[in-house]
Amino acid sequence: MRPRERRETGEQDLFRSRLDQIIDLKHPLVALGRTVDWGFLEREFGAVYTDDPGRPPLPTRLMAGLAILKHTYDLSDEVLCERWVENPYYQYFCGEEFFQHRLVFDRSSLTRWRNRMGEERLQALLQESLSVATKTKAIKPSELSRVIVDTTVQPKNVTFPTDAKLLNRAREKLVRLAQRHGVALRQSYTRVGKFALVQHQRYAHAKQFKRANRMLKKLRTLLGRVIRDIDRKIEGDSGREGTFAQLLLLARRVREQKQHQRGRKVYSLHAPEVECIGKGKAHRPYEFGVKVSVATTISHAKGGQFVTHVKALPGNPYDGHTLATVIPDMEALVGNTIARILADKGYRGHNAPPDYKFRVFMSGQKRGVTPRIKRELRRRSAVEPVIGHLKAEHRMDRNYLWYRRGDANNAVLAAVGYNFRRLIRWLSLLLRQFLSALYPGPSINPA
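Predicted model, so just to flag it, every value in this text is computed and none were measured.

The rules we used
- Residues numbered from 1 in each chain as written.
- Predicted model: local features only at pLDDT ≥ 70, side-chain atom pairs only at ≥ 80, totals over all residues.
- Heavy atoms only, no water.
- Phe/Tyr/Trp six-rings, centres within 6.5 Å; stacked < 30°, edge-to-face > 60°.
- Helix = DSSP H or I, 4+ residues; strand = E, 2+ residues; numbered from the N terminus.
- Buried < 20%, exposed > 50% of the residue type's maximum accessible area, 1.4 Å probe, protein only.
- Lys NZ or Arg CZ within 6 Å of the ring centre and 35° of its normal.
- Core = buried A, V, L, I, M, F, W, Y, C linked by side-chain atoms within 4.5 Å.
- Pairing = 2+ DSSP bridges.
- Axes fitted to C-alpha atoms, helices over the stretch in contact; angles between N-to-C directions.
- Parallel < 35°, antiparallel > 145°, perpendicular 65-115°, else oblique.
- Left-handed = near helix turned anticlockwise from the far one by under 90°.
- Contact = heavy atoms within 4.5 Å.
- Salt bridge = Lys/Arg side-chain N within 4 Å of Asp/Glu carboxyl O.
- Nonpolar A, V, L, I, M, F, W, Y, C, P; charged D, E, K, R; others polar.
- Polar contact = N/O pair within 3.5 Å; in protein donor to acceptor, adjacent residues only side chain to side chain.

(A) Geometry of the packing of aromatic side chains. Applying the stated criterion to the full structure yields seven aromatic pairs. Between Trp84 and Phe105 the ring centres are 5.5 Å apart and the planes differ by 80 degrees, which places this aromatic pair in the edge-to-face class. Within this pair, whereas Trp84 is found in helix H4 (residues 77-86), its partner Phe105 is found in the loop between helix H5 (88-93) and helix H6 (107-135), the two being separated by 21 residues in sequence. Comparing Trp84 with Phe105 shows no difference in burial state: the two are buried. Ring centres of Trp402 and Tyr403 lie 5.6 Å apart, and the angle between their planes is 80 degrees; on these two criteria the pair is classed as edge-to-face. With relative accessibility at 52%, the residue Trp402 sits in the exposed group. Aromatic ring contacts, followed pair by pair, group Phe160, Tyr267 and Phe288 into a single cluster. The side chain of Arg422 reaches across the aromatic face of Tyr418, ending 4.6 Å from its centre.

Here it is, written out as structure tokens:
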């Protein structure tokens, strides 16, 4: 069933206060809510729903507005629910006419809505942010055709993985699952396993690596015993075999993987999609998450440096081999042909489409570089502070959303929050300029 979209009715209520009567209509969030084309978002997100009977979903403006507010102000789902009840500007931005004293949605509705829309639909929010930027003259349409592209790592919400922690954690999860489903184990090794993990950490800290390896071998042995015990107890029971199949597979992979093995490894049991990515940072040699491509404008527009495209890239591909995917997606999102792309030396040997082979310029390039392009190459590093803001202020520094779809959704929504944060600042600046022109301050004559 399709959502029942909200429309401005102008009705009065004797027992409830209209929001437009108790808030400042010049507030940037109010101006932004009136500028966003909610009809476009309703059409984009409405394509997911069908006309089948059932409970109608929540209005598009409510859910899209909540997603924007969450990543604009760096809020968790729980804190967003609390702020929404307290803040009339949040309610007005989400399409409410009257002040609501209770939540009109459930916290879990945010998770279900994100998963239902997916990365492809959520790109409409990023597209609308750029549309509002051009509509309010925060950016010129011509500035969207020249971009800087770079990659970063979006870390997952996992602990730093070590062999000892993974082995002990796999044993604990298997024991807990066995207890939940009534599988009686010969021994759980709870006390012995925990003691072996503590001893391994102490020996490793003291650089007594022979003793540490002995404890590591013991942890691997304990996990193997639990795996074999569970295999014996559930053999022939198809129901329990299906219940334990995934966790047993992960536990075997953790037990068998080696330090220098090639190919995929397990770095987290609750998020097995996590990848180990090294970006050459001295303070953080390895990061555990997913690689993300970020594109921003070359020139600093009036409203700031806007993000024009973002995409999660699972599999840790080589940076230069991402352009074949990134460029068509970026053009479809922006609605403009990309005239010039600036990148760092990590994009050497790129696989950009044939028409774009000579539109990609890299740091240190000498051949085919005009004086204007040389000046623009000095701004290639302008994408770095944008990535820093995405991580520090818009929830890309630690991704709490599950699975690969969570990686993709969080990256797109972080860019959406960043762009809308620039737009709120731009609208407040326009308001100050308008008021200063309308009400000039008193002139002071020198004595």
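(B) View of the nonpolar core. Among the nonpolar cores identified, the biggest contains 92 residues, and Leu32, Leu41, Leu66, Trp113, Leu125 and Val310 are the most heavily contacted of them. In terms of residues, this core owes the most to one element, helix H14 (residues 403-438), which gives 13 residues. Leu167, Leu197, Val226 and Leu248 belong to the second-largest nonpolar core, a separate cluster that totals 30 residues.

(C) Layout of the pairing of strand S1 (residues 146-155). Across the 10 residues of S1, 10 count as buried, placing the element largely inside the fold. Relative to strand S5 (residues 340-343), S1 runs parallel, the two being bridged by three bridges. The partner of Ile148 across the bridge, within S5, is Leu342. As paired strands, S1 and strand S3 (residues 287-297) are joined by nine bridges and run antiparallel to one another.

(D) Spatial organisation of unusual backbone geometry. With a phi angle near 50 degrees, Asn316 is a residue other than glycine that sits in the positive phi range. Mapping Asn316 onto the fold places it in the loop between strand S4 (307-313) and helix H11 (323-334). Within the chain, Arg395 stands out as a residue other than glycine whose phi angle is a positive 70 degrees. On the secondary structure map, Arg395 appears in the loop between helix H13 (383-393) and H14.

(E) Representation of the packing of helix H3 (residues 60-72) against H4. At a closest axis distance of 10 Å, the pairing of H3 and H4 adopts a crossing angle of 110 degrees. The orientation of H3 relative to H4 falls into the category roughly perpendicular. Crossing handedness for the pair H3 and H4: right-handed. Of the residues in H4, those in contact with Leu62, Leu66, Leu69 and Lys70 of H3 are Asp77, Leu80 and Trp84.

(F) Quick peek at the pattern of salt bridges. What the rule picks out here adds up to 26 salt bridges. Among the salt bridges present, the one from Arg404 reaches Glu275, with a minimum N-O distance of 3.5 Å. Highlighted residues: Arg404 in helix H14 and Glu275 in strand S2 (residues 275-277), separated in sequence by 129 residues. By relative accessible area, which is 5% here, Glu275 ends up buried. Several salt bridges converge on common partners, so that one network encompasses Lys70, Asp77, Glu78, Arg107 and Arg114.

(G) Examining the packing of helix H2 (residues 38-46) against H3 more closely. The N-to-C vectors of H2 and H3 enclose an angle of 100 degrees; their axes lie 10 Å apart at closest approach. Between H2 and H3, the crossing angle belongs to the class labelled roughly perpendicular. Taken together, the residues of H3 that come into contact with H2 (itself represented by Trp38, Leu41, Glu42 and Phe45) are Thr60, Arg61, Ala64 and Gly65. When grouped by side-chain class, the residues that make up the contact of H2 with H3 number four nonpolar, two polar and two charged.

(H) Quick look at the pairing of S5. Side chains Arg340 and Leu342 project from S5 onto one buried face, and the interleaved Ile341 and Ala343 project onto a second face that is buried too. Note that S5 and strand S6 (residues 360-362) share three bridges and pair parallel. Directly across from Ile341, in S6, lies its bridge partner Val360.

(I) Fine view of the side chain of Arg395. Looking at Arg395, the relative accessible area reads 15%, which means it is buried. At 3.3 Å, the side chain of Arg395 forms a polar contact with the side chain of Asp74. Beyond its immediate chain neighbours, meaning those up to four positions away, Arg395 contacts Lys70, His71, Asp74, Leu75, Ser76, Leu390, Tyr400 and Asn410.

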